[in-house]
Every structure is written in structure tokens, then in C-alpha cells.
Amino acid sequence: MKFDQVLEHLGEFGRYQKIIFFMVCLSAIPCTFHSMGNTFLSASPDHQCLYYTGQLYTAYDDQARCLYPADDKSYWSECKKYANLSITRPADYACTDEDVANYSVSGCDNGWIYDTKFYDSTVVTEWDLVCDKNSMKQLSKSIVLAGKLVGSLIFGQLSDISGRRIAFLISVVLSVVGSVATIFSPTFWCYCLMQFIVGVTASGMFIIALVMGTELVGASWRSFTGIAIQYFNSIGNMLLPVIAYGLRDWRKIEIVFCVTCFVFFSYYWLLPESARWLLTRGRVEEAKKIIQKAAVVNKVTLPPNLFQKLLEKKDDVMTKEKVVTKYSIIDLVRTPVLRKRSCNLLFSWFTNAMLYYGLSFQTESLGSSPYLSFFLAGLVEMPSYILAQLLLDRIGRKPILCGYMVFGGVVLLATIVIPEEGYETILLILVLTGKSCASGSYAVVYLYTAELYPTPIRNVAVGACSMISRIGAILAPYILLFGEVTSTAVSMTFFGIMSFIAGLLVVLLPETANTKLPETIKDAEHFTSPRNNIGGDSLGKTNTKPNEHGSREETSKL
């Protein structure tokens with residue numbers, strides 16, 4: 001007996017599953033804080049060269065004209081000053097056009113002063129990561145994403161071997177440790193190391209939460225749960241700029257991140273193991289206790305012979321486990337069908353992450369306020385999630401994922417014809433639209449991937465795809481940096497082309513709407529459409545019928 005058959009008696013999404021699902025969804029909020037927090041922790045405010053101690057940032061006016069040469073990127077240079085000026089107080093700000101013409105230019109040998117309009121203190125202002133050190137600012141952003149790459153691999157494997165619950169709790173503990181160490185970082189390199197650790201744990205928490213949420217419910221509710229967790233991600237994106245706006249100091253902001261993770265220590269007592277995972281491991285007695293508790297909370301009566309059937313199948317499960325006792329990332333490409341499927345999904349994840357993080361970071365430089373722009377970038381995720389949730393079971397996962405990525409690519413390519421000067425609002429609208437599409441496709445691909453792979457390698461699959469996606473995410477800040485040096489249109493064009501190609505490739509994947517989850521690698525190998533059978537049971541709501549030759553119909557072998 002498989003867990004989907006247990007759900008027929010327990011209820012596909014009863015009160016017990018709703019409580020546990022809400023609990024794991026909450027973890028998406030601190031994960032978002034850690035993933036996107038460097039947008040504000042390492043924000044780079046406007047700056048100018050320092051002349052004397054106590055000097056305040058000078059507005060772009062006649063006073064600045066006497067101190068700083070003109071610059072192509074801004075009205076007055078942020079990285080150069082006039083040399084050999086004896087400026088010790090504000091009253092010394094005076095010059096004529098003739099004076100300026102005879103001034104020589106030098107770098108900011110005394111340091112910088114920063115505009116405090118939006119930020120009181122950031123990693124950039126504390127360690128002067130500007131001008132020739134500008135790439136280090138991007139490093140502080142990408143280092144978290146590099147951590148998420150490693151975390152995807154480690155925790156995906158760990159949760160399939162040791163269990164979802166223990167892996168989740170380990171990620172919570174390490175997240176708090178990394179966050180506390182970040183607050184007390186004495187140097188920039190120490191800060192980067194701690195942020196790497198935070199990235200590792202944030203990835204672990206999220207992918208485990210997603211998989212646990214998917215494994216809790218039956219086929220008819222998987223699209224809801226797969227998308228619903230993304231609402232909490234969006235809530236985190238909207239709360240982040242609110243927290244940053246209220247505190248405006250990077251260490252204080254990190255303290256809030258730490259406290260939100262600390263709350264999840266309570267899950268040691270509250271969070272149960274995945275009953276579906278326990279059954280695949282032959283640990284029937286442990287699964288039995290969880291199922292019985294769920295039945296009490298759901299107020300249902302289980303058939304008296306239900307657990308007897310589970311025990312009868314225990315030996316069969318253990319026999320299968322002896323064939324492949326430990327599953328790894330190699331199993332994703334061991335068979336021909338899974339190999340092709342995995343390559344397609346890996347490229348889709350790579351592109352989605354690059355778009356999502358790239359467009360999120362890009363909003364900081366658009367609009368009149370970085371806080372408002374980032375809040376809007378989080379807000380526009382909601383419509384894409386709602387639309388996906390309404391249509392996933394009606395038209396399927398594949399059309400939604402393909403549509404989001406292709407349309408998003410077209411929108412981003414449209415930025416090519418929009419001038420950067422004087423059309424900032426239009427550019428912001430287009431980028432936010434692209435971000436909305438990227439958010440929707442990113443949410444769908446998480447659910448889609450979890451449904452395409454069998455239980456023993458489901459977390460390995462999601463972890464491996466998430467790991468590859470982090471490479472795209474790590475590259476995103478540097479693609480934006482290249483756009484700063486050349487033109488924003490260059491980076492947006494690259495994003496648009498990648499999204500368009502990845503969207504078209506999705507057509508080659510099978511549909512998973514209204515199907516039962518595959519529970520063995522053999523199931524996944526034969527799983528090509530909702531019309532196939534898995535283990536002799538019809539998938540989801542769709543009944544299959546033999547064709548005229550007595551065999552069941554199949555569609556694409558990919």
C-alpha cells in the first residue's frame with residue numbers, strides 16, 4: 001500500500017495536514033530574509049570623496065562643483081576629487097570657473113562620505129566597498145547564493161538519507177549560528193564567510209519545507225500547496241524593505257533575521273517526520289503513529305486492516321531498498337528518460353534563479369526609493385502566484401511554466417527599445433512585469449520538479465536542481481554589474497533571451513496535473529503523462545483505458 005492510498009482514508013488535505021503545512025510555510029519568511037537581505041545589508045548609497053573629518057555629503061550643486069569633477073555616470077564624480085585643495089570646513093567651498101579649469105584630479109585617498117538619505121550604515125559604507133572595490137559589493141550578494149548552491153546539495157541528500165525533520169532542524173540551528181556570527185563580524189571577509197553559512201542553511205530550510213508540504217497531501221491539492229508556500233516567500237520580500245526602512249543599520253537588520261530563525265527551535269517538539277518518507281524506508285511503525293495522530297486531528301476513522309496492509313508491504317519495501325540502499329544525484333541521470341528530463345529541468349532552474357535574483361537586485365536602482373521599489377517587486381509576485389494556482393489544475397503545469405517564461409522573456413527584450421534617461425517609470429514597470437513572470441515560473445518549477453521525481457530521490461532531485469539554479473543566481477549580480485558598465489539593456493537582453501529559450505524547452509516535458517506521485521525510479525521512468533499507470537493504480541483523477549491493442553496509451557517518452 002502506498003501513501004496516496006492512505007490519504008484516501010485520512011483525507012488529502014485535512015486539518016492535520018493544514019497545520020503542518022502552515023508550519024513549514026512559515027520557514028520561507030526567514031529564508032527570504034537571508035536570501036535577499038544583502039539588497040539592503042550591502043546597499044551602496046551615493047558617495048563622494050572625503051576632504052576632512054566630519055564632512056557631510058554635499059548635494060549636487062555649486063558647492064559640489066568646486067570639489068568634484070564631472071562624471072559620465074552622475075552629475076559629479078563619486079570616485080574622484082580635485083587634488084591639492086585645502087578644505088577644512090564648509091566655508092572653504094568656493095571657486096570660479098577659472099579655478100576649476102586649473103585643478104588637477106586625484107582619487108579618494110582620504111576615504112568617502114555617504115549620503116544618509118536611505119541608509120545609516122551598510123556593509124558597503126562600513127568597509128568602503130565602492131569605486132575600485134565595487135565588485136566586492138557584488139561578492140557580498142553572490143556569496144549567499146553560493147552558500148545556497150552548497151546547501152541545496154547537502155540538505156537535499158541529507159533529508160533523503162536521515163529524514164526531512166532532522167535535516168530541517170539542523171538547518172535551523174546552523175542558520176542562527178551563522179546569523180549571530182554575521183552580526184559580530186569584525187571584517188568584510190568574516191562577514192562573507194558567515195553569509196555563506198547562512199546561505200547554506202536558508203537553502204536547506206526552504207527545499208525541505210517545500211518537499212514536506214508536497215508529501216503531506218494528495219494529488220488534487222499538490223498544486224495548491226506547491227504554490228501556497230511561495231506566498232510566504234513573497235510576504236518575506238515585502239516585509240524585508242519594511243524592516244530595512246525602519247532600522248537602516250545592517251547589524252540591526254541582521255538581528256531581526258536571527259530572531260525570526262530562533263523561533264523555529266520550537267519545531268523540535270512540534271514538527272513530525274514525513275510519513276510518506278518513513279513508508280518508503282520501511283519504517284512502518286513510526287509512520288503508523290503519525291498517521292494515527294493525523295486521523296484523530298482530522299476526525300476520521302481509519303479501516304481496521306489499514307496498518308496490516310502497510311505491514312504486509314514492509315518486506316517488499318525493504319527488498320527494494322536493498323537493491324539501491326542509498327540514492328544520490330547519479331540516479332537523476334542513470335536512466336535515459338530521467339537523464340533527458342533532468343537536463344531540461346536543470347536549465348529551467350538555472351534560468352529561473354538568474355532571472356528572479358537578477359531582477360530583484362535590479363529594482364534597487366530603479367524608481368525614487370529602493371524600499372518602495374523592492375516592496376513592489378515583492379508585491380507583483382502575488383498576482384503571478386494567484387494566476388498559477390487558479391490555472392495549474394485546469395490547464396496543467398507545463399503550459400503555465402512555458403507561458404510565464406516565454407512572456408517574461410518578451411517583456412524583458414522590450415526594454416531594449418526604451419531609453420534609460422527620462423523613461424525610468426516605464427523601465428521599472430517592464431522589469432517588475434518580468435519579475436512577476438519569473439516569480440510565477442520559479443514557483444511552478446519547484447512544484448513541477450517535485451512531482452516528476454519519485455519519493456526516494458525527490459529531495460535529491462529538488463536539491464540538485466536548486467544547486468544548479470544557484471549558479472544562475474550567483475552570476476546574476478555580475479550580469480547586472482556588466483550592465484552598469486555598459487548599458488542596462490545589455491543585461492536585460494541576456495535575461496530575456498535565456499527566459500525565452502528555457503520556456504520553449506518546457507514543451508518537451510510530460511504533464512503532471514492530477515496524477516499520483518511516482519514512488520520508485522521505475523514508476524518515474526514509465527511516467528510520461530496523466531494517462532499512464534503507476535504501480536497498477538490510475539493516476540489522480542484521470543482514468544486510463546486500454547487501447548485497441550490492449551496496452552495503455554503513452555505520449556512523449558521525455
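Quantities reported herein were computed from a predicted structural model and do not represent experimental measurements. (Residues numbered from 1 in each chain as written. Predicted model: local features only at pLDDT ≥ 70, side-chain atom pairs only at ≥ 80, totals over all residues. Heavy atoms only, no water.)

## Some details on the confidence of the model for the protein
Then, in step 1: Per-residue confidence for the protein gives a mean pLDDT of 80, with 85% of residues at or over 70.
Then, in step 2: Within the protein, no element has a lower average pLDDT than strand 5 (residues 533-534), which sits at 39, and none a higher one than helix 12 (residues 250-262), at 93.
Then, in step 3: Counting interchain partners and residues more than four positions distant, the pLDDT-below-50 stretch residues 317-325 has 12 contacts.
Then, in step 4: In the predicted structure, residues 530-558 sits below a pLDDT of 50 and forms 60 contacts with residues beyond four places in sequence or in another chain. (pLDDT = per-residue confidence, 0-100. Helix = DSSP H or I, 4+ residues; strand = E, 2+ residues; numbered from the N terminus. Contact = heavy atoms within 4.5 Å.)

## Things to note about the environment of leucine 270
Then, in step 1: Position of leucine 270 relative to the elements: it lies in helix 13 (residues 267-270).
Then, in step 2: For leucine 270, a relative accessible area of 49% translates into the label partly exposed.
Then, in step 3: Along the chain, leucine 270 and isoleucine 20 lie 250 residues apart, while their C-alpha atoms are 8.7 Å from each other.
Then, in step 4: Among residues more than four places away in sequence, those in contact with leucine 270 are Ile20 and Met23. (Buried < 20%, exposed > 50% of the residue type's maximum accessible area, 1.4 Å probe, protein only.)

## Brief notes about helix 19 (residues 381-395)
Then, in step 1: For helix 19, spanning 15 residues, the distance from its first C-alpha to its last is 20 Å, which sits close to the expected 21 Å at 1.5 Å a residue.
Then, in step 2: Remark: the principal bend of helix 19, roughly 30°, maps to glutamine 389.
Then, in step 3: Here helix 19 has its buried residues at Glu381, Met382, Ser384, Tyr385, Ala388 and Leu392.
Then, in step 4: Structurally, helix 19 contributes buried residues whose contacts are with helix 11 (222-247), helix 17 (336-362), helix 18 (370-379), helix 20 (397-414) and helix 21 (424-452).
Then, in step 5: Backbone geometry just after helix 19 places glycine 396 at a positive phi near 105°. (Expected span 1.5 Å × (residues − 1). Bend = angle between axes of the 7 residues up to and from the residue.)

## Description of the packing of aromatic side chains
Geometrically, a pair of aromatic rings is defined through the distance of the ring centres and the angle of the planes.
Then, in step 1: Scanning the entire structure with this criterion turns up 28 aromatic pairs.
Then, in step 2: Summarising the aromatic geometry, the rings of tyrosine 119 and tyrosine 371 are spaced 5.8 Å apart at their centres and angled 50° between planes, so their arrangement reads as tilted. Here tyrosine 119 is found in the loop between strand 4 (112-114) and helix 7 (123-127), whereas its partner tyrosine 371 is found in helix 18, with 252 residues between them in sequence. Both residues of the pair, tyrosine 119 and tyrosine 371, count as buried.
Then, in step 3: A connected cluster of aromatic rings, assembled from ring pairs, spans Phe40, Phe118, Tyr119, Tyr245, Tyr371 and Phe374.
Then, in step 4: Across from the ring centre of phenylalanine 13, 5.8 Å away, lies the NZ or CZ of lysine 18, which sits over that ring. (Phe/Tyr/Trp six-rings, centres within 6.5 Å; stacked < 30°, edge-to-face > 60°. Lys NZ or Arg CZ within 6 Å of the ring centre and 35° of its normal.)

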